[in-house]
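As a plain string of letters, each chain reads:
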Amino acid sequence: MSLDHPQEPTTRDYQTTPDSGTHEVYVELQELVMDGKNQELRWMEVARWVRLEENRAEAGGWGRPHISCLTFWSLLELQRTFKRGTVMMDLSETTLPGIVNQLLDQFIYEGQVRPQDRDELLRALLVKHSHEGELEALGGVKPAVLNRSGDPSEPLLAQPSLESQIYCEPGEGSSCSPGPSHILEKIPPDSEATLVLVGRASFLERPILGFVRLQEAARLEAVDVQVPVRFLLVLLGPESPHVDYTQLGRAAATLMSEKPLGLYKEFPLWMKFASVVPALLVFILIFLETQITTLIVSKPERKLVKGSGFHLDLLLIVGMGGVGALFGMPWLSATTVRTVTHANALTVMGKASAPGERVQVQEVKEQRLSGLLVSVLVGVSVFMEPILSKIPLAVLFGIFLYMGVTSLSGIQLFDRILLLLKPPKYHPDVPYVKRVKTWRMHVFTGIQIICLVVLWVVKSTPASLALPFVLILTVPLRRFLLPLIFRNLELQCLDADDAEVTFDEEDGRDVYDEVLMPS
């Protein structure tokens, strides 16, 4: 063995292959920081993943491997950022400068970045990358905010993050794992690396995200452990007290490090069959939503001629939902608000012939053209994202609110809720008012409101997965409990499918039938 050079840690020969199959993933998270000695911007490795997460301590070294903990907020914020982000697949570049130039061109093309900001971002993305052993020599680092001029000598400094101290406090000594040599023992030979770059730039108007997948895994000097890089993620955004970009990058890196069928190995066989239970509950929820929508649209008072078409649609939706789920396709469901609004738009109301007479439905323009047009527009909207993204969210929410409120008209529960605020003398001439005592009608309405509140609470909590089960519990409530409180005639008036209720002959003697008529 030659004594001219010190022996270096043993490393594996990681092969770069064009195979795009499944590989173990090594993820490295780097943050844009300012070193305390030279006052220069640089990318510093702050966390890494090989199945488990390891964080760098501010005093140097690595913390204990642990399972990543993600907040629900970070996942939602990451989802919103990804929706506005840029995705580039099978890029043929093999160097970091080439990747960055291509990504910035796409940022500008898609309107995420202004052309005048290209040079500043290019310089920021190509500054030096620092790794193990350099933290102490740099005199400490702080997360930096790149200012508008791009001058690194006058950065805006953010407060240092304490996340890196959670699992490796300064002075713990042996509890902090050593440098890159130990990480090589955990990485399988055919692994591929993912590099996540997170930073802050004051001149950006909104967060930008770029996800790049290379056509072939390439060795990049930016990665501490020389594993061929295949997934690259860039996340930059303006300084904001409400957004922690390091946490967003940590969430993205954690998701990239996970394997779809388990962290260490595939799920046990029993878990695959057990997943049928929650899937069935969700499917029942979608079926009920579709069925309820169908009942609202095809009410007898609408006088539909082709009413059986709704039953055919229901059968197709259920069948396609069950078959599509086997192939990983999304479920189909009826959008209640849009569907009811569509039906109301096609409804022609007649004119009242006498004062105070209830207006009746004259006809419904039954046709397939408007439904087909709506479906086509929904599909085309995928390509209209640049235009639709300019619509303020307040406008969209206002439209949905208007559609929802107008769809409430004609729903008996909503009408009875309004009656809670009206004196009895102003109540309409309908069966559930005339044939049910007012206080008993209000009791029934109160029970329905309580059920609605319970469903809303369950939906708004972490127990939302149990919503289908809670919804199914309303069936025995209606079938077995309410008949103990209300008479059959009252339930027929309060819970009828039709607006006009037909009653069976009530118990009692009919005097006219018993009187003998002269022959």
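It should be emphasised that the depicted structure is a prediction, and the values quoted were computed from it without experimental measurement. (Residues numbered from 1 in each chain as written. Predicted model: local features only at pLDDT ≥ 70, side-chain atom pairs only at ≥ 80, totals over all residues. Heavy atoms only, no water.)

Colleague: Provide a residue-level description of the packing of helix H9 (residues 336-345) against helix H12 (residues 393-407), including the pertinent values.
Modeller: When two helices pack together, their arrangement is given by the angle between their axes and by how far apart the axes lie. With their axes 9 Å apart at the nearest point, H9 and H12 run at an angle of 65° to one another. Between H9 and H12 the crossing geometry is left-handed. Touching Val337, Arg338, Val340, Thr341 and Asn344 of H9 are Met403, Gly404, Thr406 and Ser407, all from H12. In terms of residue class, the contact of H9 with H12 is built from 3 nonpolar, 5 polar and 1 charged. (Axes fitted to C-alpha atoms, helices over the stretch in contact; angles between N-to-C directions. Helix = DSSP H or I, 4+ residues; strand = E, 2+ residues; numbered from the N terminus. Left-handed = near helix turned anticlockwise from the far one by under 90°. Contact = heavy atoms within 4.5 Å. Nonpolar A, V, L, I, M, F, W, Y, C, P; charged D, E, K, R; others polar.)

Colleague: I'd like a description of the packing of aromatic side chains, backed by residues and values.
Modeller: For the coordinates displayed, the defined rule picks out 1 aromatic pair. Their ring planes at 80° and their centres at 5.4 Å tell us that Phe444 and Phe486 sit as a pair that is edge-to-face. With a gap of 42 residues between them, Phe444 in helix H15 (residues 438-459) and Phe486 in the loop between helix H17 (474-485) and helix H18 (488-494) connect regions that are remote in the sequence. According to the relative accessible area criterion, Phe444 is buried, its value standing at 3%. Take Phe486: its relative accessible area is 4%, and that puts it in the buried class. (Phe/Tyr/Trp six-rings, centres within 6.5 Å; stacked < 30°, edge-to-face > 60°. Buried < 20%, exposed > 50% of the residue type's maximum accessible area, 1.4 Å probe, protein only.)

Colleague: Go over empty space enclosed by the protein with me, naming the residues and quoting the values.
Modeller: Counted under the stated rule, the structure contains 4 cavities of 30 Å³ or more. Of all the secondary structure elements, the ones that give two or more residues to the lining of the largest cavity are helix H7 (276-297) and helix H8 (308-326). Sorting elements by how many residues they give to the lining of the largest cavity places H7 first, with 4 residues. Of the residues contributing to the lining of the largest cavity, the split by class is 7 nonpolar, 2 polar and no charged. (1 Å grid on protein atoms, 1.4 Å probe; cavity = no way out; pocket = protein on both sides within 12 Å on 5 of 7 lines; lining within 4 Å. Points joined across faces, edges and corners; volume = space filled by probe spheres on them.)

Colleague: Tell me about the nonpolar core, and name the residues and values.
Modeller: Counting 41 residues, the largest nonpolar core has Tyr26, Leu121, Leu125, Val212 and Leu236 as the members making the most contacts within it. Counting residues in hydrophobic clusters, the runner-up holds 20 residues, among them Leu29, Leu209, Phe211 and Val243. (Core = buried A, V, L, I, M, F, W, Y, C linked by side-chain atoms within 4.5 Å.)

Colleague: How would you sum up the layout of surface pockets? Please name residues and give values.
Modeller: Space inside the second largest pocket adds up to approximately 1400 Å³. Forming the walls of the second largest pocket are 28 residues, and the residues nearest its centre are Ser381, Leu388, Ser389, Ile391 and Leu396. Mapped by element, the contributors of at least two residues to the lining of the second largest pocket are helix H1 (72-84), H9, helix H10 (369-380), helix H11 (385-388) and H12. Residue contributions to the lining of the second largest pocket peak at 6 residues, all from H12. Along the lines of polarity and charge, the residues of the lining of the second largest pocket split into 14 nonpolar, 6 polar and 8 charged.

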